[in-house]
Amino acid sequence: MASGLGVALFSSAVFGLSGSFAKALLETGWTPGAAVTARLTGAALILAIPAIPALRGRWHQLRDNWLTIVLFGLIGVAACQLFYFNAVSRLSVGVALLLEYLAPVLIVLWIWAASRKRPSPLTIAGTLLSLGGLGLVLDLTGAVKIDLIGVLWGIAAAVCLAIYFFITAKENDTLPPIVLASGGLMVGAVVMWLAAATGLLPMAFSTADTRLGPWVTPWWVALGGLVVMATVLAYVAGIVAARALGSKVASFVSLTEVLFAVIWAWLLLGELPGPIQLLGGLLIVGGVLLVRLDELKTPSIAGAALQAALVHANDVEPVP
(Lines give C-alpha, C1' and ligand atoms only; values in the text may rest on other atoms or scores of the structure.)
Protein backbone atom coordinates (compact mmCIF):
# COMPACT_ATOMS: atom_id res chain seq x y z
CA MET A 1 0.00 0.00 0.00
CA ALA A 2 2.80 2.41 0.93
CA SER A 3 4.75 1.77 -2.27
CA GLY A 4 1.57 2.02 -4.35
CA LEU A 5 0.72 5.33 -2.72
CA GLY A 6 4.18 6.64 -3.55
CA VAL A 7 3.80 5.61 -7.20
CA ALA A 8 0.35 7.24 -7.35
CA LEU A 9 1.72 10.52 -5.95
CA PHE A 10 4.62 10.35 -8.42
CA SER A 11 2.12 9.90 -11.27
CA SER A 12 0.15 12.95 -10.14
CA ALA A 13 3.35 14.97 -9.75
CA VAL A 14 4.64 14.28 -13.26
CA PHE A 15 1.16 14.65 -14.80
CA GLY A 16 1.06 18.08 -13.15
CA LEU A 17 4.17 19.11 -15.08
CA SER A 18 2.41 19.05 -18.46
CA GLY A 19 0.87 22.51 -18.17
CA SER A 20 4.18 24.13 -17.22
CA PHE A 21 6.19 22.41 -19.97
CA ALA A 22 3.49 23.21 -22.53
CA LYS A 23 3.23 26.87 -21.54
CA ALA A 24 7.01 27.25 -21.76
CA LEU A 25 6.76 26.11 -25.40
CA LEU A 26 3.66 28.22 -26.13
CA GLU A 27 5.44 31.35 -24.92
CA THR A 28 8.17 30.86 -27.55
CA GLY A 29 5.74 30.66 -30.47
CA TRP A 30 4.46 27.10 -30.46
CA THR A 31 0.73 26.75 -31.12
CA PRO A 32 -1.35 24.53 -28.80
CA GLY A 33 -1.94 22.15 -31.70
CA ALA A 34 1.78 21.77 -32.34
CA ALA A 35 2.53 21.10 -28.67
CA VAL A 36 -0.23 18.48 -28.41
CA THR A 37 0.80 16.80 -31.68
CA ALA A 38 4.46 16.57 -30.68
CA ARG A 39 3.50 15.24 -27.25
CA LEU A 40 1.17 12.56 -28.58
CA THR A 41 3.51 11.45 -31.36
CA GLY A 42 6.54 11.04 -29.13
CA ALA A 43 4.63 9.34 -26.32
CA ALA A 44 2.83 6.95 -28.71
CA LEU A 45 6.12 5.77 -30.20
CA ILE A 46 7.68 5.20 -26.78
CA LEU A 47 4.66 3.42 -25.26
CA ALA A 48 4.41 1.16 -28.31
CA ILE A 49 7.56 -0.59 -27.05
CA PRO A 50 5.86 -2.19 -24.00
CA ALA A 51 2.42 -2.33 -25.67
CA ILE A 52 3.48 -4.65 -28.52
CA PRO A 53 4.76 -7.45 -26.21
CA ALA A 54 1.59 -7.09 -24.13
CA LEU A 55 -0.43 -8.01 -27.23
CA ARG A 56 1.68 -11.00 -28.21
CA GLY A 57 -0.72 -13.77 -29.16
CA ARG A 58 -3.70 -11.53 -28.36
CA TRP A 59 -3.85 -9.17 -31.32
CA HIS A 60 -7.57 -9.87 -31.62
CA GLN A 61 -8.03 -7.56 -28.62
CA LEU A 62 -7.37 -4.59 -30.87
CA ARG A 63 -10.17 -5.70 -33.18
CA ASP A 64 -12.52 -6.41 -30.28
CA ASN A 65 -11.90 -3.01 -28.65
CA TRP A 66 -11.19 -0.78 -31.65
CA LEU A 67 -14.10 1.56 -30.93
CA THR A 68 -12.96 2.15 -27.34
CA ILE A 69 -9.41 2.89 -28.53
CA VAL A 70 -10.60 5.27 -31.25
CA LEU A 71 -12.98 7.16 -28.97
CA PHE A 72 -10.33 7.36 -26.26
CA GLY A 73 -7.85 8.74 -28.81
CA LEU A 74 -10.30 11.26 -30.26
CA ILE A 75 -11.93 12.52 -27.06
CA GLY A 76 -9.85 11.49 -24.06
CA VAL A 77 -6.51 12.26 -25.70
CA ALA A 78 -6.61 14.61 -28.72
CA ALA A 79 -9.60 16.84 -27.93
CA CYS A 80 -9.11 16.89 -24.16
CA GLN A 81 -5.43 17.86 -24.36
CA LEU A 82 -5.90 20.33 -27.21
CA PHE A 83 -8.65 22.15 -25.31
CA TYR A 84 -6.58 22.13 -22.11
CA PHE A 85 -3.50 23.55 -23.87
CA ASN A 86 -5.69 26.23 -25.48
CA ALA A 87 -6.93 27.11 -21.99
CA VAL A 88 -3.33 27.18 -20.69
CA SER A 89 -2.38 29.62 -23.45
CA ARG A 90 -4.90 32.13 -22.05
CA LEU A 91 -5.14 31.26 -18.33
CA SER A 92 -2.78 30.24 -15.56
CA VAL A 93 -1.99 26.51 -15.45
CA GLY A 94 -3.78 26.07 -12.11
CA VAL A 95 -7.01 27.74 -13.22
CA ALA A 96 -7.09 25.79 -16.50
CA LEU A 97 -6.67 22.46 -14.71
CA LEU A 98 -9.27 23.32 -12.07
CA LEU A 99 -11.79 23.97 -14.83
CA GLU A 100 -11.05 20.57 -16.34
CA TYR A 101 -11.44 18.91 -12.96
CA LEU A 102 -15.11 19.90 -12.94
CA ALA A 103 -15.72 16.78 -15.07
CA PRO A 104 -17.13 14.66 -12.18
CA VAL A 105 -19.55 17.49 -11.37
CA LEU A 106 -20.69 17.54 -15.00
CA ILE A 107 -21.24 13.79 -14.79
CA VAL A 108 -23.44 14.24 -11.72
CA LEU A 109 -25.51 16.94 -13.43
CA TRP A 110 -25.87 14.84 -16.59
CA ILE A 111 -26.96 11.69 -14.69
CA TRP A 112 -29.37 13.79 -12.62
CA ALA A 113 -30.95 15.27 -15.76
CA ALA A 114 -31.06 11.98 -17.65
CA SER A 115 -32.40 9.77 -14.86
CA ARG A 116 -34.63 12.44 -13.26
CA LYS A 117 -33.55 11.01 -9.89
CA ARG A 118 -32.08 13.40 -7.36
CA PRO A 119 -28.59 12.48 -6.13
CA SER A 120 -27.90 11.95 -2.44
CA PRO A 121 -27.52 15.02 -0.19
CA LEU A 122 -23.74 14.54 0.03
CA THR A 123 -23.40 14.53 -3.77
CA ILE A 124 -25.57 17.64 -4.05
CA ALA A 125 -23.43 19.33 -1.39
CA GLY A 126 -20.25 18.40 -3.28
CA THR A 127 -21.68 19.70 -6.55
CA LEU A 128 -22.74 23.02 -5.00
CA LEU A 129 -19.36 23.32 -3.27
CA SER A 130 -17.53 22.84 -6.58
CA LEU A 131 -19.78 25.31 -8.40
CA GLY A 132 -19.20 27.85 -5.63
CA GLY A 133 -15.47 27.23 -5.96
CA LEU A 134 -15.77 27.82 -9.71
CA GLY A 135 -17.21 31.27 -9.01
CA LEU A 136 -14.20 32.09 -6.83
CA VAL A 137 -11.69 30.67 -9.34
CA LEU A 138 -13.22 32.85 -12.06
CA ASP A 139 -13.19 35.73 -9.56
CA LEU A 140 -16.60 37.05 -10.56
CA THR A 141 -16.05 40.09 -8.31
CA GLY A 142 -13.66 41.42 -10.95
CA ALA A 143 -10.50 41.68 -8.83
CA VAL A 144 -8.68 39.39 -11.29
CA LYS A 145 -9.26 39.64 -15.03
CA ILE A 146 -10.15 36.23 -16.51
CA ASP A 147 -10.04 35.48 -20.24
CA LEU A 148 -13.54 34.28 -21.20
CA ILE A 149 -12.27 32.34 -24.22
CA GLY A 150 -9.77 30.55 -22.00
CA VAL A 151 -12.56 29.65 -19.58
CA LEU A 152 -14.63 28.18 -22.40
CA TRP A 153 -11.63 26.09 -23.53
CA GLY A 154 -11.21 24.81 -19.98
CA ILE A 155 -14.88 23.85 -19.71
CA ALA A 156 -14.66 22.15 -23.11
CA ALA A 157 -11.78 20.07 -21.75
CA ALA A 158 -13.96 19.13 -18.76
CA VAL A 159 -16.76 18.02 -21.10
CA CYS A 160 -14.30 15.83 -23.03
CA LEU A 161 -13.03 14.33 -19.79
CA ALA A 162 -16.57 13.56 -18.65
CA ILE A 163 -17.34 11.86 -21.99
CA TYR A 164 -14.12 9.88 -21.65
CA PHE A 165 -15.22 8.62 -18.22
CA PHE A 166 -18.43 7.28 -19.73
CA ILE A 167 -16.53 5.64 -22.59
CA THR A 168 -14.10 3.77 -20.39
CA ALA A 169 -16.87 2.72 -17.98
CA LYS A 170 -18.01 0.39 -20.80
CA GLU A 171 -14.49 -0.77 -21.60
CA ASN A 172 -13.75 -4.45 -22.15
CA ASP A 173 -11.52 -5.49 -19.25
CA THR A 174 -9.56 -7.83 -21.53
CA LEU A 175 -7.70 -4.86 -23.03
CA PRO A 176 -4.45 -4.15 -21.13
CA PRO A 177 -4.30 -0.51 -19.89
CA ILE A 178 -0.87 0.01 -21.49
CA VAL A 179 -2.37 -0.99 -24.86
CA LEU A 180 -5.30 1.41 -24.42
CA ALA A 181 -2.90 4.23 -23.51
CA SER A 182 -0.56 3.54 -26.43
CA GLY A 183 -3.37 3.00 -28.93
CA GLY A 184 -5.23 6.10 -27.81
CA LEU A 185 -2.11 8.26 -28.05
CA MET A 186 -1.43 6.90 -31.54
CA VAL A 187 -4.98 7.59 -32.71
CA GLY A 188 -4.80 11.08 -31.22
CA ALA A 189 -1.48 11.79 -32.95
CA VAL A 190 -2.80 10.64 -36.34
CA VAL A 191 -5.91 12.79 -35.97
CA MET A 192 -3.83 15.84 -35.07
CA TRP A 193 -1.49 15.39 -38.04
CA LEU A 194 -4.46 14.96 -40.40
CA ALA A 195 -6.13 18.08 -39.02
CA ALA A 196 -2.91 20.03 -39.54
CA ALA A 197 -2.45 18.69 -43.08
CA THR A 198 -5.94 19.79 -44.08
CA GLY A 199 -5.44 23.25 -42.61
CA LEU A 200 -8.06 22.79 -39.88
CA LEU A 201 -5.48 23.03 -37.09
CA PRO A 202 -2.89 25.84 -36.95
CA MET A 203 0.54 24.29 -36.50
CA ALA A 204 3.60 26.37 -35.65
CA PHE A 205 6.84 25.21 -34.02
CA SER A 206 9.79 27.18 -32.68
CA THR A 207 13.40 26.36 -31.84
CA ALA A 208 13.79 29.35 -29.53
CA ASP A 209 15.06 28.70 -26.02
CA THR A 210 12.49 28.18 -23.28
CA ARG A 211 12.52 29.52 -19.74
CA LEU A 212 11.83 27.15 -16.86
CA GLY A 213 12.24 28.79 -13.50
CA PRO A 214 15.70 30.41 -13.29
CA TRP A 215 17.01 28.35 -16.23
CA VAL A 216 17.05 29.13 -19.94
CA THR A 217 16.98 25.79 -21.76
CA PRO A 218 16.85 24.57 -25.38
CA TRP A 219 13.34 23.94 -26.72
CA TRP A 220 13.85 20.18 -26.71
CA VAL A 221 14.25 20.15 -22.92
CA ALA A 222 10.68 21.35 -22.40
CA LEU A 223 9.40 19.07 -25.17
CA GLY A 224 11.29 16.09 -23.77
CA GLY A 225 9.84 16.76 -20.32
CA LEU A 226 6.35 17.02 -21.82
CA VAL A 227 6.70 13.72 -23.69
CA VAL A 228 8.78 11.55 -21.37
CA MET A 229 7.94 12.81 -17.89
CA ALA A 230 4.44 14.32 -18.17
CA THR A 231 3.10 11.64 -20.52
CA VAL A 232 5.02 8.35 -20.68
CA LEU A 233 6.13 8.15 -17.05
CA ALA A 234 2.81 9.59 -15.87
CA TYR A 235 0.72 7.03 -17.75
CA VAL A 236 2.88 4.07 -16.75
CA ALA A 237 3.03 5.14 -13.10
CA GLY A 238 -0.72 5.72 -13.08
CA ILE A 239 -1.37 2.21 -14.39
CA VAL A 240 1.00 0.68 -11.83
CA ALA A 241 -0.64 2.69 -9.03
CA ALA A 242 -4.16 1.63 -10.08
CA ARG A 243 -3.10 -2.02 -9.95
CA ALA A 244 -1.34 -1.64 -6.58
CA LEU A 245 -3.97 0.47 -4.81
CA GLY A 246 -7.11 -0.41 -6.71
CA SER A 247 -8.95 2.06 -8.88
CA LYS A 248 -11.02 3.52 -6.02
CA VAL A 249 -8.05 4.61 -3.90
CA ALA A 250 -6.03 5.69 -6.95
CA SER A 251 -8.91 7.88 -8.14
CA PHE A 252 -8.77 9.87 -4.91
CA VAL A 253 -4.97 10.20 -4.94
CA SER A 254 -5.15 11.52 -8.52
CA LEU A 255 -6.87 14.66 -7.19
CA THR A 256 -3.45 15.76 -5.90
CA GLU A 257 -2.52 16.55 -9.51
CA VAL A 258 -4.12 19.98 -9.12
CA LEU A 259 -1.87 20.75 -6.15
CA PHE A 260 1.24 19.59 -8.00
CA ALA A 261 0.27 21.56 -11.12
CA VAL A 262 -0.05 24.78 -9.09
CA ILE A 263 3.29 24.16 -7.36
CA TRP A 264 5.11 23.41 -10.64
CA ALA A 265 3.60 26.48 -12.33
CA TRP A 266 4.78 28.61 -9.41
CA LEU A 267 8.32 27.19 -9.47
CA LEU A 268 8.79 27.00 -13.26
CA LEU A 269 6.63 29.84 -14.59
CA GLY A 270 6.25 32.19 -11.66
CA GLU A 271 2.46 31.72 -11.81
CA LEU A 272 0.41 31.58 -8.66
CA PRO A 273 -3.36 32.07 -8.50
CA GLY A 274 -4.59 34.81 -6.18
CA PRO A 275 -5.86 34.02 -2.66
CA ILE A 276 -9.49 34.03 -3.80
CA GLN A 277 -8.69 31.66 -6.67
CA LEU A 278 -6.73 29.35 -4.37
CA LEU A 279 -9.72 29.22 -2.02
CA GLY A 280 -11.96 28.47 -4.98
CA GLY A 281 -9.59 25.70 -6.03
CA LEU A 282 -9.81 24.11 -2.60
CA LEU A 283 -13.61 24.24 -2.80
CA ILE A 284 -13.62 22.61 -6.25
CA VAL A 285 -11.31 19.80 -5.16
CA GLY A 286 -13.26 19.38 -1.92
CA GLY A 287 -16.53 19.18 -3.83
CA VAL A 288 -15.15 16.62 -6.28
CA LEU A 289 -13.83 14.63 -3.31
CA LEU A 290 -17.31 14.57 -1.73
CA VAL A 291 -18.89 13.50 -5.02
CA ARG A 292 -16.44 10.66 -5.52
CA LEU A 293 -16.64 9.54 -1.91
CA ASP A 294 -20.43 9.52 -1.88
CA GLU A 295 -21.01 7.89 -5.24
CA LEU A 296 -18.48 5.12 -4.58
CA LYS A 297 -20.52 4.01 -1.59
CA THR A 298 -24.07 4.84 -2.75
CA PRO A 299 -25.98 1.85 -4.22
CA SER A 300 -28.35 4.04 -6.24
CA ILE A 301 -28.72 3.84 -10.04
CA ALA A 302 -27.05 7.21 -10.49
CA GLY A 303 -24.38 6.26 -7.97
CA ALA A 304 -23.62 3.01 -9.78
CA ALA A 305 -23.29 4.81 -13.11
CA LEU A 306 -20.96 7.43 -11.71
CA GLN A 307 -18.98 4.78 -9.83
CA ALA A 308 -18.41 2.84 -13.04
CA ALA A 309 -17.38 5.99 -14.88
CA LEU A 310 -14.90 7.27 -12.31
CA VAL A 311 -13.42 3.97 -11.12
CA HIS A 312 -12.79 2.22 -14.43
CA ALA A 313 -11.52 5.40 -16.05
CA ASN A 314 -8.74 5.70 -13.52
CA ASP A 315 -6.98 2.68 -15.07
CA VAL A 316 -5.88 5.04 -17.86
CA GLU A 317 -6.38 8.60 -16.64
CA PRO A 318 -6.43 11.13 -19.52
CA VAL A 319 -5.88 14.23 -17.39
CA PRO A 320 -3.20 16.28 -19.13
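Everything below is about the structure printed above this text.
What counts and what doesn't
Residues numbered from 1 in each chain as written. Predicted model: local features only at pLDDT ≥ 70, side-chain atom pairs only at ≥ 80, totals over all residues. Heavy atoms only, no water. 1 Å grid on protein atoms, 1.4 Å probe; cavity = no way out; pocket = protein on both sides within 12 Å on 5 of 7 lines; lining within 4 Å. Points joined across faces, edges and corners; volume = space filled by probe spheres on them. Helix = DSSP H or I, 4+ residues; strand = E, 2+ residues; numbered from the N terminus. Nonpolar A, V, L, I, M, F, W, Y, C, P; charged D, E, K, R; others polar. Salt bridge = Lys/Arg side-chain N within 4 Å of Asp/Glu carboxyl O. Buried < 20%, exposed > 50% of the residue type's maximum accessible area, 1.4 Å probe, protein only.

### Quick notes on the layout of surface pockets
Each pocket or cavity is described by its volume, and for the largest pocket that value is around 260 Å³. Surrounding the largest pocket, 14 residues form its lining, Val 258, Leu 259, Val 262, Gly 281 and Leu 282 being those nearest its centre. Looking at the lining of the largest pocket, the elements with two or more residues in it are α6 (93-100), α13 (256-269) and α14 (275-297). When residues of the lining of the largest pocket are assigned to their parent elements, the largest contribution, 5 residues, is made by α14. Grouping the amino acids of the lining of the largest pocket by side-chain chemistry returns 10 nonpolar, 4 polar and no charged. In this model, the second largest pocket occupies a volume close to 170 Å³. As for the second largest pocket, its lining consists of 14 residues, of which Leu 55, Leu 62, Val 179, Ser 182 and Gly 183 are closest to the centre.

### Quick word on the pattern of salt bridges
Enumeration according to the criterion identifies 2 salt bridges in this entry. Across the pair Glu 271 and Lys 23 runs a salt bridge whose closest N-O atoms are separated by 2.7 Å. Of this pair, Glu 271 sits in the loop between α13 and α14 while Lys 23 sits in helix α2 (residues 18-26), and the two are 248 residues apart along the sequence. Looking at Lys 23, the relative accessible area reads 10%, which means it is buried.

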